[in-house]
Every structure is written in structure tokens, then in C-alpha cells.
Amino acid sequence: VSICERFGADVQTAPSRNSTKECPECGFLGENGPELTVACQGCGRVRDKDYGAARLLLSRFGEVLANRSANV
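*Asks:* For the overall build of the protein, give the residues involved together with the corresponding values.
*Replies:* The number of helices and strands found in the protein is two helices and two strands. Each helix (α) and strand (β) of the protein, taken in turn from the N terminus, gives the series α-β-β-α. With the principal axes as the frame, the protein shows a C-alpha extent of 45 × 25 × 15 Å. Residue pairs in contact within the protein that sit at least 24 positions apart in sequence constitute 48% of those at least 6 positions apart. Working note: accessible area of the protein is about 5400 Å², and carbon and sulfur atoms make up 52% of it.

Structure representation (C-alpha cells):
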């Protein structure tokens, strides 16, 4: 962030709350345990917790950018 700010880049952030708990497929909010692979209780999909969080954050960031361009 500091490098971006130093060169004048616009820094945007996306909310990361519950990103490892929320299923990127159905939105079900489950418990966060120590295991790396989880099965969603909402849709039954098995996923890597970190990969799912990355997909969710990418989706949230897309929403942030869409809202930003709508307000410009």
C-alpha cells in the first residue's frame, strides 16, 4: 500500500470479514476450524478454505469497483 501511495496509485480495498467462513458458491456462513479443506453445510461443496476465501474476496472487490464506477 505504501508503494502504491508513494507513486500516486489509487488504493481500493474490499471487506475481508468472514472470508474463510463464507462459502463462495452459496454464501452459507459456517464455522472456522483448523482444517484446510471444508465441506459447506449449505450446498455440500468441498473446497480449500484459502482458495474459497480468495474467490470470495475477488468477487467482493468486483462489487467495490462496480460501485466506484457507478458513483463517478
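*Asks:* Tell me about helix 2 (residues 49-71), and name the residues and values.
*Replies:* The end-to-end C-alpha distance of helix 2, which contains 23 residues, comes to 33 Å, matching closely the 33 Å that a straight helix rising 1.5 Å per residue would cover. For helix 2, the side-chain oxygen to backbone nitrogen distance between the N-cap and D50 is 3.0 Å, and the N-cap itself is D48.

*Asks:* With reference to specific residues and values, describe the side chain of R47.
*Replies:* Considering the arrangement of structural elements, one finds R47 in strand 2 (residues 46-48). At 7.6 Å, E25 is the nearest oppositely charged side chain to R47, a buried residue that forms no salt bridge. Among residues more than four places away in sequence, those in contact with R47 are T20, K21, E22, C23, P24, L36, T37, V38, C40 and G52.

*Asks:* Mind laying out the environment of R55, listing which residues take part and the relevant values?
*Replies:* Here R55 shows up in helix 2. Separated by 28 residues in the primary sequence, R55 and G27 place their C-alpha atoms 12 Å from one another. When residues no more than four places from it in sequence are discounted, the contact partners of R55 are P24 and E25. A distance of 2.7 Å separates the side chain of R55 from the side chain of E25, its partner in a polar contact.

The rules we used
Residues numbered from 1 in each chain as written. Predicted model: local features only at pLDDT ≥ 70, side-chain atom pairs only at ≥ 80, totals over all residues. Heavy atoms only, no water. Helix = DSSP H or I, 4+ residues; strand = E, 2+ residues; numbered from the N terminus. Contact = heavy atoms within 4.5 Å. Areas by Shrake-Rupley, 256 points an atom, 1.4 Å probe, with all protein chains shown as cover. Expected span 1.5 Å × (residues − 1). Polar contact = N/O pair within 3.5 Å; in protein donor to acceptor, adjacent residues only side chain to side chain. Buried < 20%, exposed > 50% of the residue type's maximum accessible area, 1.4 Å probe, protein only. Lys, Arg positive; Asp, Glu negative; His and termini not counted. Salt bridge = Lys/Arg side-chain N within 4 Å of Asp/Glu carboxyl O.

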